Structure formats: structure tokens, C-alpha cells
There are 4 protein chains.
Amino acid sequence: MDYQKLAREVLEANLDLPRMNLVVFTWGNVSACDREQDLLVIKPSGVPYDQLKQEDLVVLSLSDGRILAGKLNPSSDTPTHLYLYQQFPQLGGIVHTHSRWATSWAQSCRDLPAYGTTHADTFYGPVPATRKLSQAEIADAYELNTGKVIAETLRERRLDPLAVPAVLVSGHGPFTWGKTAAEAVHTAVVLEECCMMALHTELINPQVQPIEDYLLDKHYQRKHGKSAYYGQKT
Amino acid sequence: MDYQKLAREVLEANLDLPRMNLVVFTWGNVSACDREQDLLVIKPSGVPYDQLKQEDLVVLSLSDGRILAGKLNPSSDTPTHLYLYQQFPQLGGIVHTHSRWATSWAQSCRDLPAYGTTHADTFYGPVPATRKLSQAEIADAYELNTGKVIAETLRERRLDPLAVPAVLVSGHGPFTWGKTAAEAVHTAVVLEECCMMALHTELINPQVQPIEDYLLDKHYQRKHGKSAYYGQKT
Amino acid sequence: MDYQKLAREVLEANLDLPRMNLVVFTWGNVSACDREQDLLVIKPSGVPYDQLKQEDLVVLSLSDGRILAGKLNPSSDTPTHLYLYQQFPQLGGIVHTHSRWATSWAQSCRDLPAYGTTHADTFYGPVPATRKLSQAEIADAYELNTGKVIAETLRERRLDPLAVPAVLVSGHGPFTWGKTAAEAVHTAVVLEECCMMALHTELINPQVQPIEDYLLDKHYQRKHGKSAYYGQKT
Amino acid sequence: MDYQKLAREVLEANLDLPRMNLVVFTWGNVSACDREQDLLVIKPSGVPYDQLKQEDLVVLSLSDGRILAGKLNPSSDTPTHLYLYQQFPQLGGIVHTHSRWATSWAQSCRDLPAYGTTHADTFYGPVPATRKLSQAEIADAYELNTGKVIAETLRERRLDPLAVPAVLVSGHGPFTWGKTAAEAVHTAVVLEECCMMALHTELINPQVQPIEDYLLDKHYQRKHGKSAYYGQKT
């Protein structure tokens, strides 16, 4: 079991959350997984970011959730992360925050419309809001059921999780993901910017419509498609 | 009379207000009490935070408000603090600020609804706005009457002050509290975030409803209830 | 003619504008006057704050506006400052900025209502918006006429300029003043906070009313009245 | 071919974007041109600002777009820049960002009205929003067509590009320009401030009207006209 590199990535990604002004106090968590070794590394529960050290991170089995290393309790949202990794083999990193603008959208229980190319550069369509969890789903296995409602939302909308790498959990807040923890943090920043601008776009023009599919398509594909021409060849 | 440790805590808590962007100039004050020794330590009136030193703090008798130590006048809001400590034996620290978002809600004379889990993690229900003070209550013993209307609000709503550790004084601003001064500052930050997000939640979706009681209950209890499982065992 | 002390105060007050986030680039100016020596010291026109030095300040005759010292052109708003000092002998310092929230109110051509005690602690009533200048007033002696419309506004509303130490010039931005340049800057910060909060108060509760006169009176008097008890005796 | 001085200016102007809080990540680009030498220098595509070095910049022929120096791909928006320089011989520098407030206006597909003198000091009239691009214009030569729709907007409105040195590309974001790259960045900051304040002006007073033409004229001319008297003679 060799998780030091993964743990370093998870530590850096967690520390990026306060650097990017996405969290106050302990509100947020980043995880990453190593599917070959069946490992998940995640932030411990309730530890302030300015005190977080690599040895505080918790290592679990990705398939059954057993704790394999670490002295602290893992994030209380760990069952949500585990379920999403198990359901979507494309995911390598997941972020949850209570960032101000994305949480305002999540609390409003509305999808985030694609109002511009900033959105289209990262999200291939609106960012969906989940349905609300039922009383029974909240009473028992709440965090697992949060994962289930995210997965249900992606499936019902027939979304590729890497093409729309975020969900707004209604009444709660955003989850974002990617192939790595760093990608998931990057997406969390983009989501925050898009949420801030979408509200103000609607305030400036209450009749505004989402951008046309062909503009959405153009911007998403020029960055992520087969013939992508944004950025540098690597 | 040994109040050095308490004074250090009060100094640190006061200095946290500008660090957390809750105050400009001298707008705000933190106090803490030691019930065994019958002491209250509070910020002096009108002293800028960047000049505040531990010896500037004022020590008073918790039961009768006499000044026991300190050369400066205590905060003009001292009678409000004293009354709240006297009425609610659970309180160990109190914060008052004119922070931007919480003061906007206080000025609007509306309760802060619980629109999400960020709110539910700290406040077990809406944060109440007080009624307005009458002309007579303002003319005479204004600061004491501010304490009385806060206590009246908590009693009429049958609120446990540690379960809903904040009030919005209508036309004025927020008061928060906790078992310690540090807890009260923490709550003041949470309140500011929740106030910011609640307004924007309503702007995004004017038909939004508060979260269901069972979600409120779940989040509050997982952090503060008997079977709390958030954070680390201490 | 000894203006070094006054110039130091004017320099510091000007440098406070970017420190308090009230200006970008060169948008703003502070002046102060010495009535005994018949002197006005003011920022030069169009000089960025991070390059501003004491010797760049311009010294003028308060009574006739002649330049007495300084190699640079004075602020283009100098005639506005001069007129206000000449009309209101109480004034010792004046600030003009294009700060974001106060300018938004000035552009909206509405008075700033007194929605809370933060406002009442500094402004003894609403902060008035001027009428718009006529085409003739703008075409000729525009900056002087800006001073005249400010004075007209104060007189028509029968305002004591030290009790309501600010005006919103419609379609333009805020002017604030005080007994010193430092006081005028302090008021500019308070105005910015009050403008930010007043808009959000209205968004939270579109039916909100200004605070009652007796609460306005109480807060203003406890800080500025004969029996003021806020702060420390000096 | 001597482009070191121009490249230094382009590097500095690009680094100003994050300093002025106009960009996150790689969202934005600045170019400048040297018409005598037929050169364009522009930011490479997708390179983070904190890693950007002068040798990363890409040098192209202004007349035909061939790459003359640089190992990296130029900004994907290069065809937009090239077209604008070719069409408007007054331009020496161009900036594109996704800055929050200007992008919110661009997404709303509305012109930015001139609500105050802050606007009039830089923009001699409303900042126009383009029409939306058609499906065909997006499918093929999208970035070139973005330049064409900007030019079309300026021509249809009979605007002098140095008198109104910005456009809001509907559903996308702002472009600004000037005689140099530094001027274009300056205008991008002004646009961001004006966009922030225009929205809030409308929220404070939904019936607000743009400032009168004679006030617009006065402020624009006192800074940019033949008899300009703002600032220092140089």
C-alpha cells in the first residue's frame, strides 16, 4: 500500500480550498482515489485547514470503506464520496464545499443555466440541482443517500460525469469532481464564478435565455473535444 | 480576582473580528464572563482594534455591573451584555458587530430563514429578529432594554439560547453568543455567511422555502446532538 | 505660510482612500483647509496614489483660489472644494470618491434612507441626493456649480453640514466632509458601508421603512450630543 | 525584427490582469501590436499567469497571422485580436477577460448604459453589446467571426473605437482596447467598475435613466477633448 503521492495531492487540493476562498473554517473536503490499489484518501472531519497535515488524512478501502490508515475520523461526508467513486469509474477526485455563490444556488433548488462561454468551457450543459431527499433518506444513511441522489440525478439526465462535473445538492451545497483532486478543485472554482455571474446575469436581464446549444458545443469542444485547440499540446 | 486568562481570551476574540472581516473601525465588541468569580471582561468603548491591548479591557462585576479594573470606559453596549449573562446562565461569551450581511438582515426586520445545511449546522431553526423597541424603551436605559428585547424574543419563541445562538436586533445589528468568547465569534462568522447566502438564495428563487424540519434536525444533531458524529472525539 | 502639518494630514488622508478600498486609479481627492492662514491643500489632478508624495500637493488661497505653492495642477474638483469651504465655515476637510456603493446610490439619484443604527451613529437623517445640474450649469463652471448644488441641497433641507456630513451628487458620486481631512475620510468609509447595507436591506425586505426618529436621535446623540457617552473622554 | 520592448509591455499588461482581479486561472489575454514592423505580440493559450514569462509570448505577423517567434500556441482568441487590429488602425493594445461584472453584463446581452460620470470619464456613450453569432458563424472560423461581429457593432453604431473603447460580446465577455496594452488594461478595470455599479444603480432605482448627453459630453471632453483640463500636462 503506497499512498504517499496520493496523500500529497489530497493535502494540496484541500489547502487550495481556503486559498481560492471557497471555504471558511472546516467547511469542505477533498478526496482522491487510487483504483488499482483500492484506496481512498480523504480529509479528516472537523480539522481546520491551517492545521491540516498530511498524516491527518484518512486512508480507506475504496470498495468497502474500511479505514486502512490514519488516527482521525474521516470526513462525515465520506459515504457520499465512496458511493460516487463506486458508481462512476471515471472519477479520481471529489470536492465538497459550502462556497458562497454555489451554495446560494444549491439552496435555491434550481439548476444553474449555461449563460455564457465561461460556463461552456467547463460544463457541457446546465449544472443540475438534485431533488430533495425524503425524510426516510435523511433519517438513515443520510450521507450515503446524498451520494445516491447525486448519482440518480446524473443518470436521469443522462449526463457523462466528466462532461458535467458538478451537482448542486438542493438545500445543501455543491459537489464537483474530475480525474484528479486538482481537477475537482479547479472545477469548484469555475462553478463558484459561474454561479456568481448567473445570478447577476438574471438580475441585469430577467428575460435572459441560456446560450444556444451550438455555442455551448463550440466552447466545450474547443477545450475538451477530439479536435480541441485551446491550450498547449502536452 | 484572577482574570488574566479570561482577558487574553477576550482580547483574542476581539482581534478576531477584524481578522474575519466582521468590523470596520470600532464597530463591535466581545465580552466573556467567569461566573464563579462573578466577573465580566469586555472591550472598552470606541478603541480601534489595531490599538487594543489587554490592559485596555474593562473588568466588571457580573451581578451588579460595577467596574472592578480598567482605566477606560467599557463598551456602551455593556448593559446589553450584562443583562443577557444574568438571564441566561448558559452563556460564557457574547459578540456584537455591525457586519455587513447580518446588519442588512437586522435592518430589514426579518427573521433569517434556514435555507440550507450551512445554517442547520449551527442554528437549530430560523435566527429571530426582535420587535422594534418603543420610544420609551429607547429614551431611557436603551442598552439595557436592548438586552431585554433579546431575552423576550428568545423566551416568546421558546428558544434554547445555545441551540439558536444569535438574534438580529431590528434596525440595529446582530448579537451572537456561546459557551466562550471564541464560540461566539465563530457563530458571528457563520451568521454572516448564512445571511449573505440567504439573500442570494431568495434572489435566485423568490419562491424558495426553508429546508424541512427533518433536514434541519439531522444536520444540527449530527454536529451537536447526543450521537453527534461530526469532527473528532476530544 | 506654514502648511507642512496640514499637508502631512492631507497626504495621509489621500493615502487612506486606497487603503480603505474607496478608490481605484486616481478616482478621488482629499483636501483640508487652514482658515487662519487662508490656505487650502489638495491632491494634484490625475496622480496615482502609489506615486503621491507630499510635495505633489497643491496649496491655494482659500478665499480666492490662487495657487500659492506646488508645481502640479490641483484636482479638477478644486472649485467644488473651495466653494464648500467658503459657504460652510464648519468644514476643515473634504473627500470626494467614486467608491462603488456610494456611487451606485448617487447614480440612482435617490436619498440614502437611515435604515439602522450604523447610519444613525454618523448621519443625523437621510443622506440627501442633489438635484441634477442643468445643461447651463454643466456647460460653464461645472465644478463650481457642483459645489453650489451641494450647498443648495443642504440649505433647502435645512441641514447642519456636520450633522449630515455627506451628499450624493446625482449621476456622479459622494462628497463627505468633517472638521478635519481624517474625519472626512472616516465618514466616506461609513457612507460606503451604509450604502452597501441599505441596498441589501431593501432587497431583503422591499417594504422596509427607515428607523424611527427617536432611534435615530438616540444613536446620533449618544455619540455626538452634549451628553454623549460613546467612546473615551479625551 | 525587434519586439523586446513590446513583449515587455505585453507581459506587464497580462500580469496586471490578476493583480487587478480581472481573471482567475488562464481566463484572459492581452496583446499589443507594432504597425511599423507588422508585429503582434500575444499571450500563449492556457498558460497560468503566475508561470507566464516573456519568452512564452507569441509573435505573429499582424497582416497575415503567421507565427514569427515563440514555441507555444498563441491564445485561441488570436484571430479576434488580429481582425480588430486590421480593421481599426487606431488600436495598439487589446484585452479580453471573463471578469465577473462585465461578463455578467455580456451574458445578459444588454448594452451598458452610462449612469454616471465614472462611465463618462472613459466611455463616450453606452458600451454596446453585440448581436449573437449565428450557428454558421460559430461552427466555422468562430474566433474570426467574433472579431467581425465586434467590428460590425462599432460600425453600425457609428462609434469611434477610441471614444468607446470596449464591447460586450453577448453570451461571452468583454473586449477592451486602447492605443497601448496598458491603456486597454486600464479600460478593462474601468469597465468592470462601471458594470458593477450599473447593476446596483438599477437595483436601487429601477426607473433610473442614463445621464444626460451634456453631462456625458462634459466629463468625456474634460478628460479627452481638445481643451481637456483633467490631469497634468505631459
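Residues numbered from 1 in each chain as written. Chains lettered and ligands numbered in written order. Predicted model: local features only at pLDDT ≥ 70, side-chain atom pairs only at ≥ 80, totals over all residues. Heavy atoms only, no water.

Draft legend 1. Fine view of the pairing of strand E3 (residues 58–61) of chain C. All names here are of chain C. Burial of the side chains of E3 extends over both faces: Val-58 and Leu-60 are buried on one face and Val-59 and Ser-61 on the other. Sheet topology note: the E3/strand E4 (residues 67–69) ladder contains 2 bridges and is antiparallel. Opposite Val-59, over in E4, you have Ala-69 as the bridge partner. The turn linking E3 back onto E4 is made up of 5 residues, and Gly-65 within it adopts a positive phi angle of 80°. (Buried < 20%, exposed > 50% of the residue type's maximum accessible area, 1.4 Å probe, protein only. Helix = DSSP H or I, 4+ residues; strand = E, 2+ residues; numbered from the N terminus. Pairing = 2+ DSSP bridges.)

Draft legend 2. The packing of helix H3 (residues 100–108) of chain B against helix H7 (residues 181–204) of chain C, seen in detail. At a minimum axis distance of 8 Å, the contact between H3 of chain B and H7 of chain C shows a crossing angle of 50°. By the angle between their directions, the pair H3 of chain B and H7 of chain C is classed as oblique. Two packed elements cross with a definite hand, and for H3 of chain B against H7 of chain C that hand is right-handed. Of the residues in H7 of chain C, those touching H3 of chain B at Arg-100, Trp-101, Thr-103, Ser-104, Trp-105, Gln-107 and Ser-108 of chain B are Glu-193, Met-196, Met-197, Ala-198, His-200, Thr-201 and Ile-204 of chain C. Its residues assigned to classes, the contact of H3 of chain B with H7 of chain C comprises 6 nonpolar, 6 polar and 2 charged. (Axes fitted to C-alpha atoms, helices over the stretch in contact; angles between N-to-C directions. Parallel < 35°, antiparallel > 145°, perpendicular 65-115°, else oblique. Left-handed = near helix turned anticlockwise from the far one by under 90°. Contact = heavy atoms within 4.5 Å. Nonpolar A, V, L, I, M, F, W, Y, C, P; charged D, E, K, R; others polar.)

Draft legend 3. Main features of the interface of chain B and chain C. At the interface, 35 residues of chain B touch 34 residues of chain C. With both chains or domains summed, chain B and chain C bury close to 3,100 Å², and 57% of this area falls on carbon and sulfur atoms. On the chain B side of the contact with chain C, Phe-25, Arg-100 and Gln-107 of chain B bury the most area, a combined 22% of that side's loss. Linking chain B with chain C are 4 salt bridges. Salt-bridge contacts for Arg-222 of chain C lead to Glu-143 of chain B; the nearest nitrogen and oxygen are separated by 2.5 Å. Between the two partners, chain B and chain C, sit 16 residue pairs in polar contact (both at pLDDT 80 or more). Elements supplying a minimum of two residues to the side of chain B that touches chain C: H3, helix H5 (135–139), helix H6 (142–156) and helix H7 (181–204) of chain B. In terms of residues, the side of chain B that touches chain C owes the most to one element, H3 of chain B, which gives 7 residues. (Buried area = accessible area lost by both parts, 1.4 Å probe. Salt bridge = Lys/Arg side-chain N within 4 Å of Asp/Glu carboxyl O. Polar contact = N/O pair within 3.5 Å; in protein donor to acceptor, adjacent residues only side chain to side chain.)

Draft legend 4. How the structure looks around the relation of the copies chain A and chain D. The two copies are related by a screw operation: chain A maps onto chain D through 90° of rotation and 0.0 Å of translation along the axis, at an RMSD of 0.0 Å. On this basis, the relationship between the two copies can be described by a four-fold rotation axis. Residues of chain A ranked by C-alpha distance from the rotation axis are headed by Leu-203 of chain A, positioned 5.9 Å from it. Comparing contact sets, just 6% of the residues at the interface of chain A also lie at the interface in chain D, consistent with a heterologous contact between different surfaces. (Least-squares fit on C-alpha atoms with pLDDT ≥ 70 in both.)

Draft legend 5. Structural context of the interface of chain A and chain D. Taken residue by residue, the interface counts 32 residues in chain A and 35 residues in chain D. Carbon and sulfur atoms make up 57% of the area that chain A and chain D hide from each other, which totals about 3,100 Å². In terms of surface lost to chain D, no three residues of chain A exceed Ile-204, Tyr-214 and Gln-232 of chain A, which account for 23% of the buried area on that side. The salt bridge partner of Asp-77 of chain D is Arg-222 of chain A, with a shortest N-O separation of 3.8 Å. One can count 16 residue pairs in polar contact (both at pLDDT 80 or more) joining chain A with chain D. Of all elements in the fold, only helix H4 (117–120), helix H7 (181–204) and helix H8 (213–224) of chain A reach the threshold of two or more residues within the side of chain A that touches chain D.

Draft legend 6. Structural view of the state of the cysteines. One pass over the full model with this rule turns up 0 disulfides over all chains. We note that Cys-194 of chain B lacks a disulfide partner, and the nearest cysteine sulfur, in Cys-195 of chain B, lies 7.1 Å from it. (Disulfide = S-S within 2.5 Å.)

Draft legend 7. Inspection of the pattern of salt bridges at higher detail. In the structure shown here, the tally under the stated rule is 48 salt bridges over all chains. A salt bridge links Glu-12 of chain C to Arg-19 of chain C, with the shortest nitrogen-to-oxygen separation between them at 3.2 Å. Where Glu-202 of chain D meets Arg-110 of chain D, a salt bridge forms, and the shortest distance between an N and an O atom there is 2.9 Å. Taken as a pair, Glu-202 of chain D in helix H7 (residues 181–204) and Arg-110 of chain D in the loop between helix H3 (100–108) and helix H4 (117–120) lie far apart in primary sequence, 92 residues in all. Among the charged side chains, a salt-bridge network with shared partners connects Glu-12, Asp-16 and Arg-19 of chain A.

Draft legend 8. Here's a closer look at the arrangement of the chains. The two partners chain A and chain C share no contact, and the minimum distance between any of their C-alpha atoms is 12 Å. A gap remains between chain B and chain D, which never touch, and the nearest two C-alpha atoms on either side lie 12 Å apart.

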